[in-house]
Amino acid sequence: MLVLGGSWFVGRVVVEDAVERGLEVTVFHRGLSGATHSDAQVLYGDRENLDDLRRLARQGPWDVVVDAAGSVPAVVSASAEILAHVADRLVYVSTISAYRDWPHAPVDEGSALWDGDPDLDPGTRAWDPDAYGPLKVGCEVACRRAFGDDRLLILRPHVVLGRYEYVGRLPWWLGRMRRGGRVLAPSPDRSIQPVDVRDLSRFLLYQVEAGARGVFNVAAPPGGETYGDMLRACAQVVADDAVEPAELVWVDEDWLVAQGVTQWTELPLWRNAAAPWGMSVDRAVATGLRTRPLAETVLDTWEWLAGGGQPVAHERFAEHGIAPEWEAALIRRFLAERSG
Ligand SMILES: NC(=O)c1ccc[n+]([C@@H]2O[C@H](COP(=O)([O-])OP(=O)(O)OC[C@H]3O[C@@H](n4cnc5c(N)ncnc54)[C@H](OP(=O)(O)O)[C@@H]3O)[C@@H](O)[C@H]2O)c1
């Protein structure tokens, strides 16, 4: 197996898992960030450099390539075109953001996608949430053009959580609970469906071994766990290390929106749209997807951080989390309005 990326988060766990299963794994990345499993062969190179890609291709053939690091269509297209000659199959890790109607309506694999241009290079590599969905669709189209439907498996995960996460979601909430005191906590009953990175990896490898192709959404089944379950689990796992005990102050969602709190980032994973957590995963569940309780993901992430794990530096980390003074002011205002 060849893994593009593979030194952090999704790719890193896929590599660890694959090595443990006895697969022979090669990892291709620049060597600028993260780390790889010591039993994997590492080839250093830049996938934006055609000479590096040609050098990589000469190390083949492979049974399967897993592209866990592609978000620019022209770049994904170049690697897919070159590797299609030396690899039997391709797995492309896409995203829920590929769906045009997400987060405003429930989505399944047949839902409308954004238009995607397989040759597009936006020039910038800066994170842009509005461009992300169409770019990932362009990448999907590029993969299909190079490998064809018969040799292609596309996974569209919802939010992924767990060890090595660098976006700033669970790491931020765990840090916040560890600081303790009164914590602004919205939507205890809102159902959420993030997937543990280990469950995503296990499903991916299972599908590879089964020779699967086509498109699968990957998330915890909708309607299972809640935002409240996640926050309570975070408070619980850090309790012994907390500066002071966390006291969750449950606040009405509409009130938070009226105060101008930024959804998705200022309070990570909180979103007040019509269907942020409405991803159907029936197809994946019918073919073997199993997801663990969110409390296990929270615990595993905490164990990783408490054991010295560090998220790789990433521009998205800083945009997550609410400023302490602003949070405290909101809690005071909410409690005053409620008592008055
Ligand atoms: N995070 C989520 O919640 C979520 C949800 C749904 C889907 N996804 C998708 O999941 C996939 C995996 O995400 P991720 O966050 O684990 O990884 P990622 O940020 O997409 O990729 C990181 C990996 O790519 C390597 N890399 C970056 N630029 C490179 C280049 N020019 N040439 C060669 N290697 C390069 C990095 O190592 P070096 O820096 O050393 O090169 C690192 O190993 C992504 O495609 C993402 O769209 C993520």
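Values in this document were obtained by computation on a predicted structure and should not be read as measured data.

Q: Give a description of the nonpolar core that names residues and reports values.
A: Here is a general trend for soluble globular proteins: nonpolar side chains tend to be buried in one another's company. If you look at the biggest cluster of nonpolar residues, it comprises 80 residues, and the most contacted ones within it are Met1, Trp173, Met177, Leu204 and Met230. When residues of this core are sorted by domain, at least three fall in each of domain 1 (2-157) and domain 2 (170-192 + 225-273 + 294-331). Setting aside anything within four residues of it in sequence, one finds methionine 1 in contact with Val14, Ala18, Leu23, Glu24, Val25, Thr26, Trp62, Val64, Val66, Leu205 and Val208. By size, the runner-up hydrophobic cluster in this structure holds 25 residues, among which are Phe28, Trp62, Tyr92 and Phe147.

Q: Describe the sheet that holds strand 2 (residues 26-29), and please don't skip the residues or the numbers.
A: Pairing is parallel across the open sheet formed by seven strands, whose spatial order is 3-2-1-4-5-6-11. Strands at the two margins of the open sheet, each flanked by one partner only, are strand 3 (41-44) and strand 11 (214-218). Taking each pair of neighbouring strands and ignoring which way they run, the sheet shows an average axis angle of 20 degrees. Taken together, the four bridges between strand 5 (residues 87-93) and strand 6 (residues 152-157) define a ladder with parallel strand orientation. Of the residues in strand 6, the one forming a bridge with tyrosine 92 is isoleucine 154. Sheet strands in contact with helix 4 (residues 129-147) are strand 5, strand 6 and strand 11, and its direction is about 170 degrees off that of strand 5.

Q: Run through the UniProt feature "domain: NAD-dependent epimerase/dehydratase" (unreviewed entry) in the chain, naming residues and quoting values.
A: The UniProt record annotates "domain: NAD-dependent epimerase/dehydratase" (unreviewed entry) at residues 1-218. Its end C-alpha atoms 21 Å apart, residues 1-218 is made of 34% helix and 22% strand.

Q: I'd like a rundown of the side chain of arginine 47, residues and numbers included.
A: You can see arginine 47 is positioned in the loop between strand 3 and helix 2 (50-57). Of the polar contacts made by the side chain of arginine 47, one reaches the side chain of aspartate 67; its length is 2.8 Å. Among the polar contacts made by the side chain of arginine 47, one reaches the main-chain carbonyl oxygen of alanine 69 at a distance of 3.4 Å. Once you skip the residues sitting within four places of it in the chain, arginine 47 turns out to touch Leu4, Phe28, Leu53, Asp67, Ala69, Gly70, Val75, Val76 and Ser79.

Q: Run through the site of the ligand, naming residues and quoting values.
A: Taken together, 29 residues are adjacent to the ligand, and Ser7, Ser33, Tyr132, Lys136 and Tyr166 come closest. Measuring from an oxygen atom of the ligand, one finds a side-chain N or O atom of tryptophan 8 at 3.2 Å. Protein chains shield 91% of the accessible area of the ligand, which is 910 Å² for the free molecule. At the level of elements, helix 1 (9-20) and helix 4 are the ones that each hand at least two residues to the shell around the ligand. Its residues assigned to classes, the shell around the ligand comprises twelve nonpolar, eleven polar and six charged.

Q: Break down the packing of helix 3 (residues 73-83) against helix 4 for me, with residues and values.
A: The description of two helices packed together rests on the angle between their axes and the distance between the axes. Across the interface, helix 3 lies against helix 4 with an axial gap of 8 Å and an inter-helix angle of 15 degrees. Considering their axes alone, helix 3 and helix 4 lie roughly parallel with respect to each other. Relative to helix 4, helix 3 is oriented so that their crossing is right-handed. Of the residues in helix 4, those touching helix 3 at Pro73, Val76, Ser77, Ala80, Glu81 and Leu83 are Leu135, Gly138, Cys139, Ala142, Cys143, Arg145, Ala146 and Phe147. Its residues assigned to classes, the contact of helix 3 with helix 4 comprises ten nonpolar, two polar and two charged.

Cut-offs used in this document
- Residues numbered from 1 in each chain as written.
- Predicted model: local features only at pLDDT ≥ 70, side-chain atom pairs only at ≥ 80, totals over all residues.
- Heavy atoms only, no water.
- Core = buried A, V, L, I, M, F, W, Y, C linked by side-chain atoms within 4.5 Å.
- Buried < 20%, exposed > 50% of the residue type's maximum accessible area, 1.4 Å probe, protein only.
- Domains from an automatic or database assignment.
- Contact = heavy atoms within 4.5 Å.
- Pairing = 2+ DSSP bridges.
- Helix = DSSP H or I, 4+ residues; strand = E, 2+ residues; numbered from the N terminus.
- Axes fitted to C-alpha atoms, helices over the stretch in contact; angles between N-to-C directions.
- UniProt positions renumbered as here; feature names shortened; annotations may be inferred.
- Polar contact = N/O pair within 3.5 Å; in protein donor to acceptor, adjacent residues only side chain to side chain.
- Near = heavy atom within 4 Å.
- Areas by Shrake-Rupley, 256 points an atom, 1.4 Å probe, with all protein chains shown as cover.
- Nonpolar A, V, L, I, M, F, W, Y, C, P; charged D, E, K, R; others polar.
- Parallel < 35°, antiparallel > 145°, perpendicular 65-115°, else oblique.
- Left-handed = near helix turned anticlockwise from the far one by under 90°.

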